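An overview of the molecular structure
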Amino acid sequence: MGKIIAVTNQKGGVGKTTTCVNLCCALRELGARVLLCDTDPQGNATSGMGIDKTTITPNLYNVLVGDVPAEKAVVSTKYGDVIPSNAVLSGAGIELVNAENREFILKNALESMKDKYDYIFIDCPPSLEMLTLNALCAADSVFIPVQCEYFALEGLTDLIGTIRMTKKALNPKLDIEGVLLTMFDARTNFSAQVAEEVKKFFRGKVYNVMIPRNVRISEAPSHGVPVIVYDKSSRGAVAYTELAKEFMRRNK
């Protein structure tokens, strides 16, 4: 039975989608069966896996609103399997408002996929709304990227509150998978200070691997490939490969 992990942080620009794409690709290279479900209407995880998001159909919108089975929407790429999304998905949040059991539509859609994959990662929008709530209700755990920058902890209290509320009211099994420090700059004391603050805030949940600031990580999406494919020897690629190994050790 596969594990579903929601990758979320309501702050944008923390490396959430980059982490989804590269962790999925790295885990696949280590032999895991991995599916990436893109619930962000921006579709950046979709294009980051080499898929043309402007033309792809069926996609997650059709799964959530059009009763298309999730298996029919899966696109197999060289870097892993994807349930893609694009701008059309932005209307789903509104259309789901009056749906029966609206919080569990994604959970029900992914249920049949759990035996086919070891891990299903859900890339969430950078906001706490209906699509994110669906992801939290579908997930077994939550993976939180946090950037090593000023205001790193801003908004995390709200996110933790939402996770606790979802756990109490809708998904009792939901837990925090782990916290990943991103955009770490070893040249500054400030990054180290932020890392210490995050470790205090999430005692025992922070991954040992930290993702460094690295130009290759920024360049890879424009080429439609994960950084571990774009430049396997880069510091960013090495860090994501080590993250995948640590993730698998924690999930033995």
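Computed from a predicted structure; not experimentally measured.

Residue position: Ser141 is located in strand 6 (residues 141-147). Overall, the relative accessible area of 3% leaves Ser141 in the buried class. When neighbours within four sequence positions are excluded, Ser141 is seen to be in contact with Lys3, Ile4, Ile5, Ala6, Leu174, Asp175 and Glu177.

On the surface, a cluster of nonpolar side chains totalling about 350 Å² of accessible area is made up of Tyr150, Phe151 and Phe190. Among the structural elements, Phe190 can be located in helix 9 (residues 189-201).

As a further point, take the pattern of salt bridges. Summed over the entire model, instances satisfying the criterion amount to 14 salt bridges. Put simply, Arg216 and Glu219 hold a salt bridge, and the shortest N to O gap is 2.8 Å. One end of the pair, Arg216, and the other, Glu219, are both in helix 10 (residues 215-219), three residues apart, so they sit about a helical turn from each other. With a closest N to O distance of 3.4 Å, Lys245 and Glu242 form a salt bridge. Linking Lys245 with Glu242, this pair stays in helix 12 (residues 235-250), spanning three residues, or about one helical turn. Note on Lys245: relative accessible area 34%, which makes it partly exposed.

Right, let's talk about the side chain of Lys16 for a bit. Mapped onto the secondary structure, Lys16 falls in helix 1 (residues 16-29). Note on Lys16: relative accessible area 7%, which makes it buried. A polar side-chain atom of Lys16 sits 3.2 Å from a polar atom in the side chain of Asp123. If near-sequence neighbours (up to four positions away) are discounted, Lys16 is found in contact with Val7, Thr8, Asn9, Asp40, Asp123, Cys124, Pro125, Pro126 and Pro145.

To continue, consider the nonpolar core. Formed by 48 residues in total, the largest nonpolar core has its most connected members in Leu106, Ile122, Ile144 and Phe202. The contact partners of Leu106, leaving out residues within four places of it in the chain, are Cys37, Thr39, Leu60, Leu64, Ile122, Asn134, Ala135 and Ala138. Among the nonpolar cores identified, the runner-up in size contains 36 residues, and Val21, Ala45, Tyr119 and Leu180 belong to it.

On to the layout of surface pockets, then. In this approach, a probe sized like a water molecule rolls over the atoms, and the result shows the empty space that is left. Within this model, the largest pocket holds a volume of roughly 560 Å³. In terms of lining residues, the largest pocket is bounded by 31 residues, among which Gly15, Lys16, Thr17, Thr18 and Ile217 are the most central. Contributing elements (two or more residues each) for the lining of the largest pocket: helix 1, helix 2 (44-48), strand 7 (175-184), strand 8 (206-212) and helix 10. Among the elements that line the lining of the largest pocket, the one with the most residues is helix 1, at five residues.

Any two packed helices are characterised by the angle at which their axes cross and by the distance between the axes. Running from N to C, helix 1 and helix 12 point in directions that differ by 70°, and their axes come no closer than 9 Å. Here helix 12 runs roughly perpendicular to helix 1, going by the angle between their axes. The residues of helix 12 that touch helix 1, namely those facing Thr18, Thr19, Asn22, Leu23, Ala26 and Leu27, are Tyr240, Thr241, Leu243, Ala244, Phe247 and Met248. Looking at the contact of helix 1 with helix 12 residue by residue, the class counts come to eight nonpolar, four polar and no charged.

This brings us to the sheet that holds strand 2 (residues 34-38). Spatially, 3-4-2-5-1-6-7-8 is the arrangement adopted by the eight strands of the open sheet, whose pairing is mixed. Each edge of the open sheet carries a strand with a single partner, namely strand 3 (75-77) and strand 8. Across the sheet, the mean angle from the axis of one strand to that of its neighbour is 25°, orientation sign disregarded. Along the sheet face, helix 7 (residues 130-138) touches strand 1 (3-7), strand 5 (119-123) and strand 6 and points at about 150° away from the line of strand 1. Here helix 8 (residues 156-169) sits on the sheet and contacts strand 6 and strand 7; the angle it forms with strand 6, its principal contact strand, is near 180°.

Rules used throughout
Residues numbered from 1 in each chain as written. Predicted model: local features only at pLDDT ≥ 70, side-chain atom pairs only at ≥ 80, totals over all residues. Heavy atoms only, no water. Helix = DSSP H or I, 4+ residues; strand = E, 2+ residues; numbered from the N terminus. Buried < 20%, exposed > 50% of the residue type's maximum accessible area, 1.4 Å probe, protein only. Contact = heavy atoms within 4.5 Å. Patch = residues over 30% accessible without salt bridge, like charges linked within 9 Å, V, L, I, M, F, W, Y side chains within 5 Å. Areas by Shrake-Rupley, 256 points an atom, 1.4 Å probe, with all protein chains shown as cover. Salt bridge = Lys/Arg side-chain N within 4 Å of Asp/Glu carboxyl O. Polar contact = N/O pair within 3.5 Å; in protein donor to acceptor, adjacent residues only side chain to side chain. Core = buried A, V, L, I, M, F, W, Y, C linked by side-chain atoms within 4.5 Å. 1 Å grid on protein atoms, 1.4 Å probe; cavity = no way out; pocket = protein on both sides within 12 Å on 5 of 7 lines; lining within 4 Å. Points joined across faces, edges and corners; volume = space filled by probe spheres on them. Axes fitted to C-alpha atoms, helices over the stretch in contact; angles between N-to-C directions. Parallel < 35°, antiparallel > 145°, perpendicular 65-115°, else oblique. Nonpolar A, V, L, I, M, F, W, Y, C, P; charged D, E, K, R; others polar. Pairing = 2+ DSSP bridges.

Geometric descriptors of this kind do not, in isolation, establish any biological role.
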